[in-house]
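Here are the chains, one letter per residue:
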Amino acid sequence: MKNTKKIKFAVVGMGFIYPRHKQAIEKNGGQVYLTCDIDKTKKPNFVDWAEMFNHPKFDEVTHVSICAPNYLHSVITREALLKGKKVICEKPLSINGTDGMDNVKTVLQLRYHPELQKLNNPKEITVIAKMFRDDKYWNSWKGNEVMSGGILYNLGVHYVDLAIFLLGDSWEIIKVNKNKKKIIADVRFGDSIAHFHIEIVNTREKQGRKLIADGKEIILSNQDNLSYEDLHTKVFSEFIAGRGFGVCEANKSLKLINAILNYE
């Protein structure tokens with residue numbers, strides 16, 4: 001008889017990205033068994049992640065998906081790993097170090113983008129990501145750099161990782177121009193170069209996400225968020241199969257982001 005028992009997930013955080021995780025879990029035959037969020041209107045099973053982790057029902061959970069605010073990623077991940085769970089954490093994996101997170105997987109979905117996988121050692125890439133965000137963004141934890149890490153950690157990490165995925169992880173920063181709403185940087189990767197333009201804009205008409213690789217333009221998303229491209233389904237398929245991208249790969253982009261932010 002075929003085993004139809006579903007993998008039980010606990011999800012920490014029921015914000016914007018939660019529906020993508022729920023959909024990806026269910027598409028891969030899993031079940032969102034427990035949820036946690038501080039907002040009771042979202043009807044979570046728990047409002048405190050530590051309480052959930054210590055509840056008897058958590059013993060039935062095998063996989064944990066972390067969609068909490070960035071500054072909580074590392075502490076929640078470590079605790080879930082200590083509980084013996086298989087853990088996947090949204091980007092950025094951490095804004096305050098990855099010690100004790102060795103067995104976690106993270107969401108680097110652009111690596112699964114079919115058009116990007118066709119590229120072969122481009123010599124010059126330009127990544128332009130202009131995203132509209134209103135006052136709700138700036139008034140939330142996302143607008144607090146202590147909690148989010150700022151726009152390069154919160155919104156730009158996928159594009160920095162994209163450059164590393166395409167060009168390698170040996171780099172030299174050439175130029176950086178930055179403020180709270182915009183990061184422009186040129187980074188040399190061996191014989192190749194990457195130009196980054198990551199910006200929060202004030203109207204929806206100005207937004208867009210694209211990659212230009214040796215003159216070829218690839219639209220990364222026609223929406224205002226990469227999650228709409230349904231690449232999370234592949235991310236969770238790999239995670240459930242015991243594969244995916246771990247702390248070693250995640251640290252590459254985190255290291256470069258930190259260097260860009262501290263470049264003088």
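In what follows, the structure referred to is the one given above.
Criteria and thresholds
Residues numbered from 1 in each chain as written. Predicted model: local features only at pLDDT ≥ 70, side-chain atom pairs only at ≥ 80, totals over all residues. Heavy atoms only, no water. Phe/Tyr/Trp six-rings, centres within 6.5 Å; stacked < 30°, edge-to-face > 60°. Helix = DSSP H or I, 4+ residues; strand = E, 2+ residues; numbered from the N terminus. Buried < 20%, exposed > 50% of the residue type's maximum accessible area, 1.4 Å probe, protein only. Lys NZ or Arg CZ within 6 Å of the ring centre and 35° of its normal. Pairing = 2+ DSSP bridges. Contact = heavy atoms within 4.5 Å. Axes fitted to C-alpha atoms, helices over the stretch in contact; angles between N-to-C directions. Right-handed = clockwise from strand over helix to strand, strands pointing away. Parallel < 35°, antiparallel > 145°, perpendicular 65-115°, else oblique. Left-handed = near helix turned anticlockwise from the far one by under 90°. Nonpolar A, V, L, I, M, F, W, Y, C, P; charged D, E, K, R; others polar. Arc of directions from axis to C-beta. Disulfide = S-S within 2.5 Å.

K.L.:
So what's going on with the packing of aromatic side chains? Which residues, and what values?
P.N.:
Summed over the entire model, instances satisfying the criterion amount to 7 aromatic pairs. Between Phe9 and Phe236, the ring centres sit 6.0 Å apart and the planes meet at 55°, which makes this aromatic pair tilted. Of this pair, Phe9 sits in strand β1 (residues 7-12) while Phe236 sits in helix α9 (residues 232-240), placing them 227 residues apart in sequence. For the residue pair Phe9 and Phe236, the accessibility class agrees, reading buried in each case. Ring geometry for Tyr137 and Trp138: centres 5.1 Å apart, planes at 85°, overall edge-to-face. Ring pairing ties together the aromatic residues Phe9, Phe236 and Phe239, which thus form one cluster. A cation over a ring is seen here: Arg111 above Phe245, with NZ or CZ 4.6 Å from the ring centre.

K.L.:
Can you break down the sheet that holds strand β3 (residues 63-66) residue by residue, with the values?
P.N.:
Strands belonging to one sheet form pairs held by backbone hydrogen bonds; the direction of such a pair is parallel or antiparallel. Strand order in this open sheet of 6 strands is β2-β1-β3-β4-β5-β12, and the pairing throughout is mixed. Both outer strands of the open sheet, β2 (30-36) and β12 (245-246), are each paired with one neighbouring strand and no more. As defined by bridge partners, β1 adjoins β3 across 4 bridges and the pair is classed as parallel. When the sheet's bridge partners are listed, Phe9 is paired in β3 with His63. Contacts between helix α3 (residues 73-82) and the sheet are confined to β1, β3 and β4 (86-89), with β4 contributing the most and set at about 165° to the helix. Contacts between α9 and the sheet are confined to β1, β3, β4 and β5 (105-106), with β4 contributing the most and set at about 155° to the helix.

K.L.:
Run through the pairing of β1, naming residues and quoting values.
P.N.:
It is a general feature of regular strands that their side chains alternate between the two faces of the sheet. For β1, the buried fraction is high: 5 of the 6 residues fall into the buried class. Relative to β2, β1 runs parallel, the two sharing 6 bridges. Within β2, the position partnered with Ile7 by the bridge is Gly30. In terms of handedness, the path from β1 via helix α1 (residues 18-27) over to β2 forms a crossover that is right-handed.

K.L.:
Tell me about the packing of helix α8 (residues 157-167) against helix α10 (residues 247-261), and name the residues and values.
P.N.:
Where α8 meets α10, the axes come as close as 9 Å, and the angle between the chain directions of the two elements is 110°. Here α10 runs roughly perpendicular to α8, going by the angle between their axes. Judged by the sense of rotation from one axis to the other, the crossing of α8 with α10 is right-handed. Facing Val157, Val160, Asp161 and Ile164 of α8, the residues of α10 in contact are Glu249, Lys252, Ser253, Leu256 and Ile257. For the contact of α8 with α10, the residue count by class is 5 nonpolar, 1 polar and 3 charged.

K.L.:
Kindly report on unusual backbone geometry, identifying the contributing residues and their values.
P.N.:
A cis geometry characterises the amide bond from Lys91 onward to Pro92, with omega recorded as -20°. Here Pro92 shows up in the loop between β4 and β5. The residue Asp214 is not glycine, and still its phi comes out positive at about 50°. Inspection of the secondary structure assignment puts Asp214 in the loop between β10 (208-213) and β11 (216-221). Its relative accessible area of 48% is what places Asp214 among the partly exposed residues.

K.L.:
I'd like a description of the packing of α1 against α9, backed by residues and values.
P.N.:
For the pair α1 and α9, interaxial distance at closest approach is 8 Å and the crossing angle is 55°. Classified by the angle between their axes, α1 and α9 sit oblique to one another. Taken as a pair, α1 and α9 cross one another with a handedness that is right-handed. Only His232, Thr233 and Phe236 of α9 make contact with α1, whose side of the interface consists of Arg20, His21, Ala24, Ile25 and Lys27. Of the residues that constitute the contact of α1 with α9, the class distribution is 3 nonpolar, 3 polar and 2 charged.

K.L.:
Residue-level account of α1, with values.
P.N.:
Along α1, the residues classified as buried are Tyr18, Arg20, His21, Ala24 and Ile25. Seen along its axis, α1 keeps its buried residues to an arc of 160°; they face one direction. Against β1, β2, β3 and α9 lie the buried residues of α1. Two residues or fewer past α1, Gly29 is found with a positive phi of approximately 85°.

K.L.:
Quick one: what's the story with the state of the cysteines, residue by residue and with numbers?
P.N.:
Disulfide: a covalent bond connecting the sulfur atoms of a pair of cysteines. For the structure shown, the criterion picks out 0 disulfides. With no disulfide of its own, Cys67 lies closest to Cys89 among cysteine sulfurs, the gap being 8.1 Å. The structure places no disulfide on Cys248, whose sulfur is separated from the nearest cysteine sulfur, that of Cys89, by 17 Å. Its relative accessible area of 56% is what places Cys248 among the exposed residues.

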